[in-house]
Number of protein chains: 2
Amino acid sequence: MFELDPRLQADAWALGDFPLCRLLLSKDANYPWLILVPRRAATTEIFELTEAEQAQLAVETAQLAEGVKTALKADKMNVAALGNVVAQLHVHVIARYTADPAWPAPVWGKAPAVEYRPEQLDALKDTLRPVLPATFTWVEN
Amino acid sequence: MFELDPRLQADAWALGDFPLCRLLLSKDANYPWLILVPRRAATTEIFELTEAEQAQLAVETAQLAEGVKTALKADKMNVAALGNVVAQLHVHVIARYTADPAWPAPVWGKAPAVEYRPEQLDALKDTLRPVLPATFTWVEN
């Protein structure tokens, strides 16, 4: 049975579900930082998913990255499955800008997390709404 | 027409070709650090590939990550498409160990690159040979 890792639960908000993945938003306003978590128990590597799930993860990752890049006019998308700290399989999809606090380095360990202002968070969700595919379901909140 | 980015060409050796991707090995002996480069011109984001190419990239990435993890008894695989410095689309597939110089941080910017000794490089290639799929062709050298 799938349960979200407690650290992901603490560090990110759940926005909703793709057919395979839960979509999280990191509580760090430095970067628009989305995280896809396949709703599968006891999985740490992409290749541990079935082939169909791997294909679906690739589709959801690409749909998300393309939508976010377009909606947020990002300079580059960073897509990464690391999992050295949180073992539960999760894929970072991060919108990067040449003016962001870590550019051109990867974001991990670079800048202290910045809190979202409530209206900034609402604005981000509103911007993402039209670019997420019809297969995505927002959580009620 | 596909041409390998000059920086990738300088920092890595070409090992051979999957059906879609050129396989490179980073010249940094700190980590077994493979890089997949789709042989497509003018591509910087995964979602710019055709859907068939995206699926093929996912297959090649998973085959490589699983083979490397098994052959090298890695603790975790890190898979990432960043491209903030080298724009040409490339996917890092890095074998990580809890005792490596960057653990648990991502590898970028952590430890100065270490040169491979020739026999160490040959041993690594010999270890990888049996785990790469039949669709992979080694370069002559």
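Residues numbered from 1 in each chain as written. Chains lettered and ligands numbered in written order. Predicted model: local features only at pLDDT ≥ 70, side-chain atom pairs only at ≥ 80, totals over all residues. Heavy atoms only, no water.

**A few points about the overall build of chain A**
Line of reasoning, step 1. Secondary structure summary: chain A contains three helices and six strands in total.
Line of reasoning, step 2. In sequence order, chain A lays out its α and β elements as α-β-β-β-α-β-β-α-β.
Line of reasoning, step 3. Relative to the 2.2 N^0.38 estimate, which gives 14 Å for 141 residues, the radius of gyration of chain A is 14 Å and therefore close to what a compact globule would have.
Line of reasoning, step 4. Each of the three principal axes of chain A carries a C-alpha extent, and together these read 40 × 30 × 25 Å.
Line of reasoning, step 5. The buried share among the 141 residues of chain A stands at 53%.
Line of reasoning, step 6. Within chain A, residue pairs in contact and separated by at least 24 positions form 56% of the contacts whose partners lie at least 6 positions apart.
Line of reasoning, step 7. Accessible area of chain A: about 6,700 Å², with a carbon and sulfur share of 53%. (Helix = DSSP H or I, 4+ residues; strand = E, 2+ residues; numbered from the N terminus. Rg over C-alpha atoms; globule rule 2.2 N^0.38 Å. Buried < 20%, exposed > 50% of the residue type's maximum accessible area, 1.4 Å probe, protein only. Contact = heavy atoms within 4.5 Å. Areas by Shrake-Rupley, 256 points an atom, 1.4 Å probe, with all protein chains shown as cover.)

**Section: the packing of aromatic side chains**
Residue and element names in this part refer to chain A.
Line of reasoning, step 1. Tallied over the entire structure, the rule returns 10 aromatic pairs over all chains.
Line of reasoning, step 2. Between Phe 136 and Trp 138 the ring centres are 5.3 Å apart and the planes differ by 90°, which places this aromatic pair in the edge-to-face class.
Line of reasoning, step 3. By the ring-pair criterion, three or more aromatic residues cluster together here, those being Phe 18, Phe 136 and Trp 138.
Line of reasoning, step 4. Between the NZ or CZ atom of Arg 129 and the centre of the ring of Trp 138, over which it lies, the distance is 4.4 Å. (Phe/Tyr/Trp six-rings, centres within 6.5 Å; stacked < 30°, edge-to-face > 60°. Lys NZ or Arg CZ within 6 Å of the ring centre and 35° of its normal.)

**Thoughts on the pairing of strand 3 (residues 33-38) of chain A**
All names here are of chain A.
Line of reasoning, step 1. When you tally the buried positions in strand 3, you get six out of six residues, the bulk of the element.
Line of reasoning, step 2. Every second residue of strand 3 is oriented toward a common face, with Trp 33, Ile 35 and Val 37 on one face and Leu 34, Leu 36 and Pro 38 on the other, all of them buried.
Line of reasoning, step 3. For strand 2 (residues 21-26) and strand 3, the ladder comprises five bridges, and the chain directions are antiparallel. Residue pairing in the sheet places Leu 24 in a bridge with Ile 35 of strand 3.
Line of reasoning, step 4. Hairpin connection of strand 2 to strand 3: six residues between the antiparallel strands.
Line of reasoning, step 5. Bridging between strand 3 and strand 5 (residues 91-96) involves four bridges; their strand directions are antiparallel. Following the sheet pairing, Ile 35 is matched in strand 5 by His 92. (Pairing = 2+ DSSP bridges.)

**Side note on the packing of helix 2 (residues 51-72) of chain B against helix 3 (residues 118-128) of chain B**
Residues and elements named next belong to chain B.
Line of reasoning, step 1. It is at 9 Å that the axes of helix 2 and helix 3 come closest, and there the two elements cross at 115°. The way helix 2 lies across helix 3 gives a crossing that is right-handed. Every residue of helix 3 that contacts helix 2 at Val 68, Ala 71 and Leu 72 is listed here: Leu 124, Thr 127 and Leu 128.
Line of reasoning, step 2. In terms of residue class, the contact of helix 2 with helix 3 is built from five nonpolar, one polar and no charged. (Axes fitted to C-alpha atoms, helices over the stretch in contact; angles between N-to-C directions. Left-handed = near helix turned anticlockwise from the far one by under 90°. Nonpolar A, V, L, I, M, F, W, Y, C, P; charged D, E, K, R; others polar.)

**Notes on the interface of chain A and chain B**
Line of reasoning, step 1. Contacts between the two partners involve 25 residues from chain A and, on the opposite side, 25 residues from chain B.
Line of reasoning, step 2. For the chain A and chain B pair, buried surface summed over both sides reaches about 2,200 Å², with 59% attributable to carbon and sulfur atoms.
Line of reasoning, step 3. If you sort the residues of chain A by the area they bury against chain B, Phe47(A), Lys76(A) and Asn84(A) come out on top, with a joint share of 29%.
Line of reasoning, step 4. At the surface where chain A touches chain B, the tally comes to two salt bridges.
Line of reasoning, step 5. Glu45(B) is the salt-bridge partner of Lys76(A), the closest N and O atoms lying 3.2 Å from each other.
Line of reasoning, step 6. The interface formed by chain A and chain B includes 16 residue pairs in polar contact (both at pLDDT 80 or more). (Buried area = accessible area lost by both parts, 1.4 Å probe. Salt bridge = Lys/Arg side-chain N within 4 Å of Asp/Glu carboxyl O. Polar contact = N/O pair within 3.5 Å; in protein donor to acceptor, adjacent residues only side chain to side chain.)

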